Amino acid sequence: MRFGERTRSGTQVTGWTKRSTTGLPTTLPSTVEYVVIAGGGGGGGAQGGYYGGAGGAGGYRSSVSGESSGGGASAQSAMSVTSGVTYTITVGAGGAGYGNQNSGGNGSSSSISGSGLTTITTTGGGGGGYGYQTSGAVGNNGGSGGGGGSTQGISRAGGTGTSGEGYAGGTNETTGYGGAGAGGGASGVGANAVGNLGNGANVAGGAGVASSVTGSSVTRAVGGTTRAAGNTANDGTANTGNGGDAGGGNGFSGKTGGSGTVIIRQSTNSKFPTTLTSATVTQTGSYWVFQFTASGTIGWS
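Structural notes, computed from the coordinates.

Pairing analysis gives four bridges linking strand β7 (residues 110–114) to strand β8 (residues 117–122), with the strands arranged antiparallel. The partner of Ser-111 across the bridge, within β8, is Thr-121.

We now examine the pattern of salt bridges. Evaluation of the coordinates by the stated rule reveals three salt bridges. With a shortest N-O distance of 2.7 Å, Glu-33 and Arg-265 are connected by a salt bridge. Within this pair, whereas Glu-33 is found in strand β3 (residues 31–37), its partner Arg-265 is found in strand β11 (residues 261–267), the two being separated by 232 residues in sequence. Comparing Glu-33 with Arg-265 shows no difference in burial state: the two are buried. Between Asp-245 and Arg-227 there is a salt bridge, with its nearest N and O atoms 2.9 Å apart. Of this pair, Asp-245 sits in the loop between β10 (218–220) and β11 while Arg-227 sits in the loop between β10 and β11, placing them 18 residues apart in sequence. Residue classification places Asp-245 among the buried positions, given a relative accessible area of 6%.

For the rest of this paragraph, the subject is the packing of aromatic side chains. Across all of its chains, the model carries four aromatic pairs by this definition. Between Phe-272 and Phe-290 the ring centres are 5.5 Å apart and the planes differ by 75°, which places this aromatic pair in the edge-to-face class. With a gap of 18 residues between them, Phe-272 in the loop between β11 and β12 (275–284) and Phe-290 in strand β13 (residues 287–299) connect regions that are remote in the sequence. Comparing Phe-272 with Phe-290 shows no difference in burial state: the two are buried. Three or more aromatic residues link up through ring pairs in this structure, and these residues are Phe-272, Trp-288 and Phe-290.

With that out of the way, let us pick up unusual backbone geometry. Of note in the backbone geometry, Asn-100 takes a positive phi value of approximately 55° without being a glycine. Its place among the elements puts Asn-100 in the loop between β6 (86–90) and β7. Taking the relative accessible area as the measure of exposure, Asn-100 reaches 35% and is therefore partly exposed. Of note, Asn-239 is a non-glycine position whose phi angle comes to about 65°, a positive value. Its location among the elements puts Asn-239 in the loop between β10 and β11.

Now for the pairing of β12. In this sheet, β13 lies alongside β12 in antiparallel orientation, the contact comprising nine bridges. In the sheet register, Val-281 faces β13, and the bridge partner there is Phe-290. Here β12 folds back onto β13, and the loop between the two strands holds two residues, one of which, Gly-285, carries a positive phi near 60°.

A distance of 2.9 Å separates a polar side-chain atom of Asp-245 from the backbone nitrogen of Thr-225. At a separation of 2.9 Å, a polar atom in the side chain of Asp-245 contacts the main-chain amide nitrogen of Asn-234. With residues near it in sequence (within four places) discarded, Asp-245 still touches Gly-43, Ala-54, Gly-224, Thr-225, Arg-227, Thr-232, Ala-233, Asn-234, Gly-254 and Lys-255.

What follows deals with the side chain of Thr-225. Along the chain, Thr-225 turns up in the loop between β10 and β11. Residue classification places Thr-225 among the buried positions, given a relative accessible area of 13%. Within the structure, Thr-225 has its side chain in polar contact with the backbone nitrogen of Gly-205 (distance 3.4 Å). Residues in contact with Thr-225, not counting those within four places in the same chain, are Ala-54, Asn-202, Val-203, Ala-204, Gly-205, Asp-245 and Ala-246.

Cut-offs used in this document
Residues numbered from 1 in each chain as written. Predicted model: local features only at pLDDT ≥ 70, side-chain atom pairs only at ≥ 80, totals over all residues. Heavy atoms only, no water. Pairing = 2+ DSSP bridges. Helix = DSSP H or I, 4+ residues; strand = E, 2+ residues; numbered from the N terminus. Salt bridge = Lys/Arg side-chain N within 4 Å of Asp/Glu carboxyl O. Buried < 20%, exposed > 50% of the residue type's maximum accessible area, 1.4 Å probe, protein only. Phe/Tyr/Trp six-rings, centres within 6.5 Å; stacked < 30°, edge-to-face > 60°. Polar contact = N/O pair within 3.5 Å; in protein donor to acceptor, adjacent residues only side chain to side chain. Contact = heavy atoms within 4.5 Å.

Spatial relationships are all this shows, so hold off on functional conclusions.
Take a look at the structure:
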């Protein structure tokens, strides 16, 4: 789409009319800031009174000044803009949760790519391992790792996280019908299981990263939680990259990971994009913010 004069309702851009651009900024931005979050991993299944491991959060990379990337990394360099290049935005889906003796699916990657740009990509969260007798599975590796599924007397580790994106999932408890590990988050390791989850205590997912790129602080890329007996397991929230929860019981199915998102921010003193698809646009102070909850494009010329 090509844009001219903007029309707004509050801070939400609702429509565009192709009129004179007199008085609007004409200088292209040299750089823009971004947050790129992959889809979260799905929770693992469980059978026979055992517990599945929870899904890891999707990988998290940010170049927003004063904020952090995942895995304890600082903000990355801003994205350089080239006139006439259309940048492709890919938003990753969350991994599926599965039942019985099936580990959760990994989330899908999110990215920004275009001619002359080193692709900015994040890794989907690792699925949680399934839980069952002596065959429970380790958590999958990912942006953040999935939690290890419960077994009887055998350790099942959480999956590893990706450097600069997230942390590892938690390890199971090996005593009796022990609990399973929680999913890793963008800013913290998933908790290890302690004792049998029949006692009502959940195993908490790793912490996410708080960002004010959209104007108010929102925490995204939180690891999935392994829920104790009788507690409700939840899907990861859409467009956060949160991991899917897991739980226990005969035939229990893990929950789906949250889809990812890509957010791009530029100064209002620079020219508005001439190509933009599938983005929600808001103005926050002296910034235009473009949030993609589905794959799309952006470009300046």
